[in-house]
Amino acid sequence: RGGETRVGVERMFGLMDRFLKSDPSSLQKDILDHVEYTVARSRFSFDDFEAYQALAHSVRDRLIERWHDTQLHFKKKDPKRIYFLSMEFLMGRSLSNSAINLGIRDQYADALKELGFEFEVLAEQEGDAALGNGGLARLSACQMDSLATMDYPAWGYGLRYQYGLFRQVILDGYQHEQPDYWLNFGNPWEIERVHVTYPVKFYGTVEDENFNGGKRKVWLPGETVEAVAYDNPIPGHGTRNTITLRLWAAKPSDQIDMESYNTGDYINAVVNRQRAETISSVLYPDDRSYQGKELRLKQQYFFVSASLQDIIRRFKDSHSNFDDFPEKVALQLNDTHPSFAIAEVMRVLVDEEHLDWNRAWDIVCKIFSFTTHTVLPEGLEKVPVDLLESLLPRHLQIIYDINFDYIEELKKRIGLDYDRLSRMSIVEDGAIKSIRMANLAIVCSHTVNGVSRVHSELLKTRVFKDFYELWPHKFDYKTNGVTQRRWIVVSNPSLSALISKWLGTEAWIRDVDLLAGLQEQAANADLHEEWRMVRKVNKMRLAEYIEAMSGVKVSVSAMFDVQIKRIHEYKRQLLNVLGIIHRYDCIKNMEKSDRTKVVPRVCIIGGKAAPGYEIARKIIKLCNAVAEKINNDPDVGDLLKLVFIPDYNVSVAELVIPGADLSQHISTAGHEASGTGSMKFLMNGCLLLATEDGSTVEIMEEIGKDNMFLFGAKMHEVPALREKGPTLKVPLQFARVVRYVM
Ligand code: KOT
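As a starting point, this report considers the structure included with it.

This part takes up the pairing of strand S20 (residues 601-606). With 6 of its 6 residues buried, S20 lies for the most part within the structure. Residues Arg-601, Cys-603 and Ile-605 line one face of S20 and the alternating positions Val-602, Ile-604 and Gly-606 line the opposite face, and both faces are buried. With 6 bridges connecting them, strand S19 (residues 559-564) and S20 associate as parallel partners. What sits directly across from Ile-564, in S20, is Gly-606. Read as a crossover between parallel neighbours, the route from S19 over helix H24 (residues 573-589) to S20 is right-handed.

What follows deals with the site of the ligand. Near the ligand you find 17 residues, and of these Arg-288, His-373, Asn-480, Glu-672 and Gly-675 are the closest. Residue Ser-674 places a main-chain N or O atom 2.9 Å away from an oxygen atom belonging to the ligand. Against a free-state accessible area of 480 Å², the protein chains account for coverage of 94% of the ligand. Class assignment for the residues of the shell around the ligand results in 5 nonpolar, 8 polar and 4 charged.

With that settled, the discussion passes to the packing of aromatic side chains. Enumeration according to the criterion identifies 19 aromatic pairs in this entry. Relative to Trp-248, the ring of Tyr-198 lies with its centre 5.7 Å away and its plane at 70°, an arrangement referred to as edge-to-face. Remark: Trp-248 occurs in strand S11 (residues 242-252) and Tyr-198 occurs in strand S7 (residues 191-202); sequence separation between them is 50 residues. Residue class for Tyr-198 comes out buried when judged on its relative accessible area of 10%. Put simply, the rings of Phe-74, Tyr-83, Trp-155, Tyr-157, Tyr-198 and Trp-248 touch in pairs and so form one group of aromatic residues. When the ring centre of Trp-471 is taken as origin, the NZ or CZ atom of Lys-474, which lies over that ring, is 3.9 Å away.

Before going further, it helps to examine the side chain of Arg-296. Inspection of the secondary structure puts Arg-296 in helix H11 (residues 294-318). The buried charged residue Arg-296 lacks any salt bridge, with Glu-381 as its nearest oppositely charged partner at 4.4 Å. Aside from chain neighbours lying at most four places away, what touches Arg-296 is Met-87, Tyr-284, His-337 and Glu-381.

Okay, empty space enclosed by the protein next. Summed over all chains, the structure comprises 3 cavities of 30 Å³ or more. Within this model, the second largest cavity holds a volume of roughly 60 Å³. Forming the boundary of the second largest cavity are Asp-78, Arg-81, Tyr-83, Ile-311, Arg-314, Phe-315, Ser-318, His-319, Lys-328 and Val-329. Mapped onto the lining of the second largest cavity, the elements with two or more residues apiece are strand S1 (81-85) and H11. No other element matches H11, which puts 4 residues into the lining of the second largest cavity. Of the residues belonging to the lining of the second largest cavity, the class tally is 4 nonpolar, 2 polar and 4 charged.

Conventions adopted
- Residues numbered from 1 in each chain as written.
- Predicted model: local features only at pLDDT ≥ 70, side-chain atom pairs only at ≥ 80, totals over all residues.
- Heavy atoms only, no water.
- Buried < 20%, exposed > 50% of the residue type's maximum accessible area, 1.4 Å probe, protein only.
- Helix = DSSP H or I, 4+ residues; strand = E, 2+ residues; numbered from the N terminus.
- Pairing = 2+ DSSP bridges.
- Right-handed = clockwise from strand over helix to strand, strands pointing away.
- Near = heavy atom within 4 Å.
- Polar contact = N/O pair within 3.5 Å; in protein donor to acceptor, adjacent residues only side chain to side chain.
- Areas by Shrake-Rupley, 256 points an atom, 1.4 Å probe, with all protein chains shown as cover.
- Nonpolar A, V, L, I, M, F, W, Y, C, P; charged D, E, K, R; others polar.
- Phe/Tyr/Trp six-rings, centres within 6.5 Å; stacked < 30°, edge-to-face > 60°.
- Lys NZ or Arg CZ within 6 Å of the ring centre and 35° of its normal.
- Lys, Arg positive; Asp, Glu negative; His and termini not counted.
- Salt bridge = Lys/Arg side-chain N within 4 Å of Asp/Glu carboxyl O.
- Contact = heavy atoms within 4.5 Å.
- 1 Å grid on protein atoms, 1.4 Å probe; cavity = no way out; pocket = protein on both sides within 12 Å on 5 of 7 lines; lining within 4 Å.
- Points joined across faces, edges and corners; volume = space filled by probe spheres on them.

Here is the structure:
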């Protein structure tokens, strides 16, 4: 492009201010310029949404400055880079988060005030980026924030779905799904990199070719799709480090088109172009159950192949020997979804870079680490061999070859224990021959990471026991965390101000351990009073939202008892609803005089059910049916209310969590790998009602058993309880409703 030589570097610097200024009048001018030239509205007439767009672009300009500096810095330093590969990122909104991390939120708020706008009102205009399902995806987003803040040279790689997680609409108590076409009004937080594109290939055949007196495999693909990069700058807090979340969109490749044009089939050529785009069109809404769909596999390989081409290109920019690859590249697999990366790196090194197999394998074993997020068997991916053979024939061969070498090695280590060999094999020989993606990931990774201590124990003693016995050194865990920047500073600004005031510093925003300093003030009545006020205001905000969404008026002096998360049998929203029925029944049967002793309670439940998960859908219906009955009973009034909050997402969580008094995390012990919701409630001063499961066990140790409500059976008690069967009695008046719905 040669711009630098044409204009001359000196002149370029002369023309540009060092950095964009952030005083009120510069910010105002900036916003108005964006109204006029980016949004193309008159600066004398624009609405809240247009103001949001202009504001977002103004923030984005400042992000871009830091982002460029960061990229330049890392290019010069050439550190080992962390590449985080994930099919899902639940970023939510970006405006407040970016402005806060850049340290200019208040300046913007002041600047806007003079223009007649309120920062928070404009922030509400933004839709959520919901490119993920639940815990795993939000963890990815929190991790990106922390990596940026802690100055890591990190990159996130994922897919730019055109349709994010479906919107949930409740009609007659039932969940209905509506498409989330989130890009409808443009997305100021991404930068399309039309020059950063890579071809991704599928199908075709593998041929033998003569090479250096021997034979080698050559893949002749049948379809090529272009991956286009969309970069989302992720700013750290209190640092200029601004890292990249690079999401890939599928675009048709001109290569295929030429062939069709040559045969004169113009219409089909255009239709084929559109087909290519479907790869990145929609996020699969199934939280955990493996579907075995070809499109999903295509998505996985598409983003893995594009990401690796990008990573290898960056490496080759300044290195020529692949033996240095492990010194410069760390690849983190977020669950098994990106594990085709293993076969892909082998393919590139062996088939394209012509390294010999063993050297390539050595490299592969040094670069991958794998985080697993589940203990449920239905979460473990098994890719049917038939599907893989047609979609990625060369990768299937490579996986077979990896498995062959590995099983031979295994026989030397464990002998001919065929049961164990068969359990540990990457290839499952059954009615449907398939590839066990978790086994592939474990074999090739130097570290297998659990997400809480109990989860890690379960991996070692049950799910991956055979592997742990073979390679104990590979197994590690890092208990999940959440970023206090999103979950206190952005979502609960009044609490954030309170904490900074009482700690006398804002340093806790970068170092969460400093929150422990509040302990010194634990008995201070003034602090209690201020905190109570903050909670009250947050509850009022939440009560308004509840009334607007569900028409139910709730009293802010009632206890807000919240369970918000994906709907799953193991998370036991059903148990919560049965508990609410029981509470209702008790109130109804109580002497009027005793009712004064009851703490009024607003039970709030929210969450989405995977569209094909019938029982989860019925739990939503049951919840709404019970709410209908309770909320319309004047005899109970404010003593008990039940609200189902529709379309639970990151922004709804930001609103609900600061207003909660009690939150429920009641998964059957041994089922929740970690759980991160509890941490968000906890840091907002909410009480936890929780089973000893996942990260709760560690939270319990940290805050003390006396500071939470522990509930339910412990892990070792669960099998005997299952054996015994149900002992629950549902009150008569509800038995019919439950039977009808379930
Ligand atoms: C989804 C598909 C396959 C396997 C696992 C998942 C998964 C697991 N999705 N979300 N999770 C949750 O991940 C969180 C972050 O590690 C955990 O805190 C939580 O317990 C998991 O359920």
